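Residue strings, one per chain:
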Amino acid sequence: MQNTFIWQNNLIKFYLVHDVDKAIDYASDILDDQGGILAKPDLSDLKFNLATAYNLRGEDSDIKEVLKLYDECLKICPPENAPFIHNN
């Protein structure tokens, strides 16, 4: 499972640069399919990348979702990741 998430997470990061809407769709699908079985650091990273994708899209209607996802990240992230989440 861990190895699968690593390449999926790398693909999300690729989409963040090249196609934000695809990043949102892909990360949302992974969250729906695997969110309940991912380790907390992986789940935090997934939610962080999804929030970042929404943020990059820049739609006013996404603000509540962005804040919710970042808040969820902070609750489960490793302590060393908190500054990155706060920075966004």
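Our structure's up above, just so we're on the same page.
A. Broad picture of the nonpolar core. Among the nonpolar cores identified, the biggest contains 24 residues, and Ile12, Ile30, Leu46, Leu50, Tyr54, Tyr70 and Ile85 are the most heavily contacted of them. Going through the elements one at a time, helix H1 (2-18), helix H2 (20-34), helix H3 (40-57), helix H4 (63-76) and helix H5 (82-87) are the ones with two or more residues in this core. Ranked by residue count, the leading element in this core is H3, at 7 residues.

B. Structural view of the packing of aromatic side chains. Across all of its chains, the model carries 3 aromatic pairs by this definition. Seen from their ring centres, Tyr15 and Tyr26 are 6.0 Å apart, and the 85 degrees between their planes marks the pair as edge-to-face. Residue Tyr15 is located in helix H1, and its partner Tyr26 is located in helix H2; the two are separated by 11 residues in the primary sequence. According to the relative accessible area criterion, Tyr15 is buried, its value standing at 16%.

C. Spotlight on H4. Counted at 1.5 Å a residue, the expected span for H4 with its 14 residues is 20 Å, and the 21 Å between its end C-alpha atoms agrees. Within H4, burial applies to Val66, Leu69, Tyr70 and Cys73. Projected down its long axis, H4 carries its buried residues within an arc of 95 degrees, all on one side. With respect to the buried face of H4, the exposed residues turned more than 90 degrees away are Lys64, Leu67 and Lys75. Against the buried residues of H4 lie H3 and H5.

Cut-offs applied
- Residues numbered from 1 in each chain as written.
- Predicted model: local features only at pLDDT ≥ 70, side-chain atom pairs only at ≥ 80, totals over all residues.
- Heavy atoms only, no water.
- Core = buried A, V, L, I, M, F, W, Y, C linked by side-chain atoms within 4.5 Å.
- Buried < 20%, exposed > 50% of the residue type's maximum accessible area, 1.4 Å probe, protein only.
- Helix = DSSP H or I, 4+ residues; strand = E, 2+ residues; numbered from the N terminus.
- Phe/Tyr/Trp six-rings, centres within 6.5 Å; stacked < 30°, edge-to-face > 60°.
- Expected span 1.5 Å × (residues − 1).
- Arc of directions from axis to C-beta.
- Contact = heavy atoms within 4.5 Å.

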